[in-house]
Amino acid sequence: MPERTHSTPPRTLAEALRTRDDASLEALLRARPDLLTPVPGDIGALATRAGTRASVIRALEHLDRFTLQTAEALAVAPDPAPYPALLALMGGDDCDPVVAAELPGAVGVLREQALIWGADDRLRLVRTARELLAPSPTHPSPTGLGPTVAEATVGMSPGRVQEIVTAVGLAGTHDSVSAVAALTELFTDRQRMSALLDEAPVESLHVLSRLVWGPPYGEVTADPTRPVRWLRDHGLLLPASARTVVLPREAALHLRAGRAHRSTEPRPPAVAPAREYGPQAVDAAAAGQAFVALDTVEELFKDWNEGGPAVLRSGGLSVRDLKRTATALDCTEQLAAFWIELAYAAGLLATDGEADERFAATPYYDAWLDSPPQDRWADLVTAWLTATRTPGLIGGLDAKGRALSTLGPDLDRSAAPEVRRRVLSLMATLPAGTAPEPESLLARLRWERPVRGTSAGRGAGQSPAADIAAARYAHGATAVGDLRSRIAQWTLNETELLGITGRGALATHGRALLGGVEPGRVTGPAALTSAELATARARAAEALAPLIPEPLDHVLLQADLTAVAPGPLERPLAELLGVAADIESKGGATVYRFTAGSVRRALDAGQTASDLHAFLATHSRTPVPQPLTYLIDDVARRHGHLRVGAASSYVRCDDDAVLSEILADTRSQPLRLRRLAPTVLAAQADPGELLEGLRSMGFAPAAESAEGDVVITRADAYRSPPRSAPAPVPEGPPAPDDTLLGAALRAIRAGDTAATVVHKPVPEQGDLPRTPAAETLATVQAAAMTGAALWIGYVNADGAASRRVIAPVRVEGGFVTAYDHTADDVRTYPLHRITGVAELTDDPA
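Figured I'd write up the structure that's included with this text. In this text the structure is predicted, and so the values were computed from the model without any measurement. (Residues numbered from 1 in each chain as written. Predicted model: local features only at pLDDT ≥ 70, side-chain atom pairs only at ≥ 80, totals over all residues. Heavy atoms only, no water.)

**A few points about the overall build of the chain**
Looking only at helices and strands, one finds 33 helices and 29 strands in the chain. Within the chain, the fraction of its 845 residues that count as buried is 47%. Entry remark: accessible area of the chain is about 39000 Å², with carbon and sulfur atoms responsible for 54%. (Helix = DSSP H or I, 4+ residues; strand = E, 2+ residues; numbered from the N terminus. Buried < 20%, exposed > 50% of the residue type's maximum accessible area, 1.4 Å probe, protein only. Areas by Shrake-Rupley, 256 points an atom, 1.4 Å probe, with all protein chains shown as cover.)

Right under this line is the structure:
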């Protein structure tokens, strides 16, 4: 975005911003929302904040690769740099036509974001950005270039400079400044520089080839070799320290044919298709996986029915409890951690807040469980899409070397929602049913948001900026690279687990999550608003609903004590089968197996033998097998014959022979039983341990309450107090809406008017205008009729004096109501507190 043409070029960033129109300033504030916190008082304050180190770093981190390369080139260009010089650095001597076509757009982005300012003949990089991107001995430039001749010769003796000038065939000068200027002119003259290099030994050219793309520094011995000595004598290697030499920038640019970067990437890489499927096949596969996701979450809470694992002192889930949960879900520990974190992000799981804190389902889980499948799925995926908690980090180490645990602290990464949404947006650019090539998608993401320090083609020997080893994830893959690439790789796995994609391609209901992205259209990385997210959620649920099979109300009982569910079951049937039988296998059909333990579990939950017989006869399409009938009756006959309660604990039974049998059994020794009465045994073990011990011995005891009633255990017996889902951790200030932008822009303009406007000279005492009361009243009344603005001096009730620019609207009853440009607000001022008025000049410039 070019600056508006003025007779006098701007001398500062503030002056450049002052020439912008409102649309341009709004674009700046949208691109860099941190500049609005708090709202700057005027343009000068805005420019100062835009040049702070933290703000500039944030802005650089949000640039695409080519725009960042443009900023890096400006950092090694003369200051100020004319546009042709920048084009030469980006396009080289042959002036790449693609670079030439895309460079104006990159310059426009940098200018819009106030990272550069000035007209095209005097482009200036913001000082802080130049300090961050320019090369230095401790901070190599991403371009691989070194210091200029003038910078490298600082501190060099005048005699040594004259020796170099003489060696390259230049006439000696009377001072070092002119000698350095002559040497710089030689190195930037292509013909003369080529002639000089033609004289160089071949070995010297090999030395230069190793330094030309960076790093430009090399170590030398006290007695360097002849090729190095020739380069040093001719100024092509200048001393950086006692044992280090550097290739000056001008010489390197000549050897690079004028390019600042080894390779420029003016256009983003395309997302390549990997495989193509029929859209219906993709939707069917994704819908099947969506149903599996719902089933897995339900299985998690069935395992944690009576309260989940204990919370570690440092927060989170222990490794032992995670392994046990993974075994219960029949998946890897990494996958179990993902499902647990997903339930937590959706508000289905929380801590109970008790002294011995444990994880448990929230009351919201019961409402979620009663919702239609498509709504439950939509709740999960929208929570995943907006969550900043990143399960892929689990198992890795934090900054202090401590292991990151499931549900523990330090798992929030503010970039996660943006990366997830961007991955889906890029997948949506492909035709329906097309799976992307993962590496091409990651390459596109790296182009859009490169890691600073690796955006340019890095030269041999230049180390990247802190590569981070990724944690192993669902399929055991290990990713190495920047955090955004790792999150993107995890996202590709997670979308398949959640049924957003099928066979690697984005499904119709997954596409709806983006708010209706059409194939071939790329959406921006900005997150949806709350209203847009709710609409997208509803559309995704609506798209998924026809793909979810209707739940069945029947099973097929078989003679081998199994029941086959040929599809998803209605909830009452699934819940009772889940209690009365054990799941043996899952897939297109689920196989349940009835055992003595599972039948006892149903009786413990309050069912009777007759209830089970009637239920199975009603819901089976095949006759109830006789072995199953016998199994139910046999377990029911023995169930509750023994009673266990709390003394420490006790066992009572009307048949003293049964108690004698228990005492005689060597397996009862760990329970430390003793007879208190013919029908009562006391134990040192707690009731739960006693129940399990007797069941392992083949008995079917029932727990009883203090009143002697049988205790019925239910699946939803324990819930945490009401809890809200964890709030995402934002990445900096949120994007401003139109209302905030408009108000902020008016405040900045008003403050700038107050700070820069010139008023007519009036007699003053101190810093405030002073006029007689009659003149003050007359001037204010006239301004109210004409709509003019005035300077006023004002003293508030606390005695604080201030100068303000107001536009009077109404004057009555000893008060003036006016729009205060300084405060950007309509206020009422008592006339007796106005010390005086002064008219503004017609031309504030």
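**Describing the packing of aromatic side chains**
Within this structure, the stated rule accounts for four aromatic pairs. Taking the centre distance of 4.9 Å and the plane angle of 75 degrees together, the rings of tyrosine 794 and tyrosine 829 count as edge-to-face. Within this pair, whereas tyrosine 794 is found in strand β25 (residues 790-795), its partner tyrosine 829 is found in strand β28 (residues 825-830), the two being separated by 35 residues in sequence. Taken individually, tyrosine 794 and tyrosine 829 each receive the classification buried, so the pair is uniform in this respect. An aromatic cluster is defined as three or more aromatic residues linked by ring pairs; in this entry it consists of Phe301, Tyr365 and Trp368. Between arginine 376 and the ring centre of tryptophan 368, over which it is positioned, the NZ or CZ distance is 5.5 Å. The side chain of arginine 803 reaches across the aromatic face of tryptophan 791, ending 5.0 Å from its centre. (Phe/Tyr/Trp six-rings, centres within 6.5 Å; stacked < 30°, edge-to-face > 60°. Lys NZ or Arg CZ within 6 Å of the ring centre and 35° of its normal.)

**A short note on helix α13 (residues 202-211)**
Buried within α13 are the following residues: Ser204, Val207, Leu208 and Leu211. All buried residues of α13 fall inside an arc of 100 degrees around its axis, so they share one side. Exposed and facing more than 90 degrees away from the buried side of α13 are Val202 and Arg210. If you follow the buried residues of α13, they end up packed against α12 (190-198), β3 (217-219), α14 (226-233) and α15 (249-255). (Arc of directions from axis to C-beta. Contact = heavy atoms within 4.5 Å.)

**Brief notes about the nonpolar core**
The tendency in soluble globular proteins is for nonpolar side chains to be buried as a group. Residues Phe187 and Leu236 are the most contacted members of the largest nonpolar core, which totals 87 residues. Among the elements that make up this core, the one with the highest residue count is helix α5 (residues 65-75) (six residues). Those residues in contact with phenylalanine 187, other than ones at most four positions away along the chain, are Val149, Met193, Leu196, His234, Gly235, Leu236, Pro248, Glu250, Ala251 and His254. Grouped together as the second largest cluster of nonpolar side chains are 69 residues, Leu335, Leu424, Leu442 and Ala540 included. (Core = buried A, V, L, I, M, F, W, Y, C linked by side-chain atoms within 4.5 Å.)

**With respect to the sheet that holds strand β16 (residues 582-585)**
Strand order in the open sheet formed by four strands is β14-β15-β17-β16, with antiparallel pairing between adjacent strands. At either end of the open sheet lies a strand with only one pairing partner, and these are β14 (556-558) and β16. Looking at each pair of strands side by side, their axes are set apart by 30 degrees on average, direction ignored. Pairing analysis gives three bridges linking β14 to strand β15 (residues 562-565), with the strands arranged antiparallel. The residue of β15 that forms the bridge with leucine 557 is alanine 563. (Pairing = 2+ DSSP bridges. Axes fitted to C-alpha atoms, helices over the stretch in contact; angles between N-to-C directions.)

**So, the pattern of salt bridges**
One pass over the structure, following the stated rule, counts 38 salt bridges. The salt bridge partner of aspartate 303 is arginine 324, with a shortest N-O separation of 3.3 Å. Placement of the pair is aspartate 303 in helix α16 (residues 279-303) and arginine 324 in helix α17 (residues 319-329), with a sequence separation of 21 residues. Put simply, arginine 652 and glutamate 704 hold a salt bridge, and the shortest N to O gap is 2.9 Å. Taken together, the residues arginine 652 in strand β19 (residues 649-652) and glutamate 704 in the loop between β22 (702-703) and α32 (738-756) connect sequence positions 52 residues apart. (Salt bridge = Lys/Arg side-chain N within 4 Å of Asp/Glu carboxyl O.)

**Looking at the packing of α16 against helix α23 (residues 483-498)**
Close contact between α16 and α23 brings their axes to 6 Å; oriented N to C, the two are set at 85 degrees. Between α16 and α23, the angle falls in the class roughly perpendicular. For the pair α16 and α23, the contacting residues are Gln289, Ala290 and Ala293 in the first and Glu496, Leu497 and Leu498 in the second. Its residues assigned to classes, the contact of α16 with α23 shows four nonpolar, one polar and one charged. (Parallel < 35°, antiparallel > 145°, perpendicular 65-115°, else oblique. Nonpolar A, V, L, I, M, F, W, Y, C, P; charged D, E, K, R; others polar.)

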